[in-house]
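Residue strings, one per chain:
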Amino acid sequence: MAELKPVLTVAAIALGCALALAATHRLTESRISRNETAAERAVLADVLGRRVDDALVPDLAVQPAIWDDCGRMLVARRDVRGYGGPIRLLFTLKGNGRLARVVILGHQETPGITGFLQEGWLGSLTSTSAGELRAMDAITGATITSRAITDGLAAALDAPEQLGPVRPLCSS
Amino acid sequence: MNAGIFREGALANNPAWTQLLGLCPLLAVSNSVSNALGLAAASALVLLGANGTIAALRGYIPPFARLPCFVLIIATFTTVALLTLQALAYDVYLKIALFVQIIVTNCMILGRAEAFASRQPVGAALMDAAGTAAGFALALVVLGATRELLATGGLFAQMEGLFGPAAAAWQLNLTDSGLLLAALPPGAFIVAGLLLAAMNAAGWRRRDESTHEAQNDEAT
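Note that this is a predicted model, so its numbers are computed, not measured.

Participant: Break down the nonpolar core for me, with residues and values.
Facilitator: Residues Leu 39, Val 100 and Leu 143 of chain B are the most contacted members of the largest nonpolar core, which totals 51 residues. Setting aside residues up to four positions removed in sequence, Leu 39 of chain B forms contacts with Pro 25, Val 29, Ile 96, Phe 99, Val 100, Ile 103, Phe 136 and Leu 140 of chain B.

Printed below as a string of structure tokens:
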């Protein structure tokens, strides 16, 4: 029996730890999911220029995906492969096969070379077509990053159906 | 006596500057004051929780199984800290989550558990944790402030992630030009090395004290 005691002690500590974790999870669960949806909702509202009904806010982690915003525009989610990992793009498409807005939800590119992303470069993509995107010059020093973004967007403009079935963002 | 333990951990035996422990998160996260404070708070929570729990259980933990028990307890508090950060400061969580997770394997925390908390009463262990946490926070904030100042020419950007919307006004912009290198990983090594050299030159690290040497050997 003597050798059983340390085993039971370790098991008891493990049980205590598990209970502490379960309690913390219970306490923080709702707040964390509220934070996550609030962050996504803010980005989506920014891109669409309007707030989406809480019940209809899609899960932006799932990609590729495309949604129809009440016939006003199409909103799409797609990851492209950058230099340091996936670049998570959220963008809107106009009816005439041109881009409206591009937002980067997240990326793992080298901090020093991504300055161009904050300096209006994404804004310069507004109203571009697939052909114009492909003809754009890459950013010096960030060739892979900028090319990945323009090529990924051009591919989505060429064949939006590859992003999956269009789902509605409006209740009507 | 307890105040002495605190001072020892925070200054004379500062985990980062004197013992050079916990450098991975220190170098990775110290690119701004707001990130540094977030990691300092998470580390403090884990240190206090783990040191206190281990000291309370020190009579029961079987000596040959002490490391698994320590890691189990430290991992629990790390997850608690991570979930708390995710619930209370989501923007900061998005930036430093990875480095909060690896607090589990932070040798500074395991070192305090093994060298101090497993042999001392709860009060002394908590004091030691508070001192070590304060020392680590001091190191993080000094390095974070230096790097943020060098890289962006300002201080206290994005503090609203930690302290609510009112803190957005704390941002200071001193110059427009910045040295980008300071915010990048090589800048972490260079700035930390220069700070350490400056502290050595100023006689911060106390040498020739056999008691500290002995404690350091145990911790590493």
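Participant: Tell me what's going on with the side chain of Ser 146 of chain A, and back it up with residues and numbers.
Facilitator: The residue Ser 146 of chain A is located in helix H4 (residues 143–158) in this model. A distance of 3.3 Å separates a polar side-chain atom of Ser 146 of chain A from the backbone oxygen of Thr 143 of chain A.

Participant: Pulling in residues and values, what's your account of the sheet that holds strand E5 (residues 166–168) of chain A?
Facilitator: Sheet strands pair via backbone hydrogen bonds, and the direction of the pair is either parallel or antiparallel. All names here are of chain A. Overall, mixed pairing links the five strands, which are arranged E4-E3-E2-E1-E5 in an open sheet. Each edge of the open sheet carries a strand with a single partner, namely strand E4 (99–106) and E5. Pairwise comparison of adjacent strand axes, ignoring direction, gives a mean angle of 25° for this sheet. Relative to E5, strand E1 (residues 65–69) runs parallel, the two being bridged by three bridges. Bridge pairing in E5 links Ile 66 to Val 166.

Participant: Report on the pattern of salt bridges, specifying residues and quantitative values.
Facilitator: Residue and element names in this part refer to chain A. The full count for this structure, using the stated rule, is 10 salt bridges over all chains. Residue Asp 69 is joined to Arg 50 by a salt bridge in which the shortest nitrogen-to-oxygen separation is 2.4 Å. Here Asp 69, found in strand E1, pairs with Arg 50, found in the loop between helix H1 (4–48) and E1; they are 19 residues apart in sequence, far enough to count as distant. Between Arg 134 and Asp 158 there is a salt bridge, with the nearest N and O atoms lying 2.9 Å from each other.

Thresholds, definitions, all that
- Residues numbered from 1 in each chain as written.
- Chains lettered and ligands numbered in written order.
- Predicted model: local features only at pLDDT ≥ 70, side-chain atom pairs only at ≥ 80, totals over all residues.
- Heavy atoms only, no water.
- Core = buried A, V, L, I, M, F, W, Y, C linked by side-chain atoms within 4.5 Å.
- Buried < 20%, exposed > 50% of the residue type's maximum accessible area, 1.4 Å probe, protein only.
- Contact = heavy atoms within 4.5 Å.
- Helix = DSSP H or I, 4+ residues; strand = E, 2+ residues; numbered from the N terminus.
- Polar contact = N/O pair within 3.5 Å; in protein donor to acceptor, adjacent residues only side chain to side chain.
- Pairing = 2+ DSSP bridges.
- Axes fitted to C-alpha atoms, helices over the stretch in contact; angles between N-to-C directions.
- Salt bridge = Lys/Arg side-chain N within 4 Å of Asp/Glu carboxyl O.

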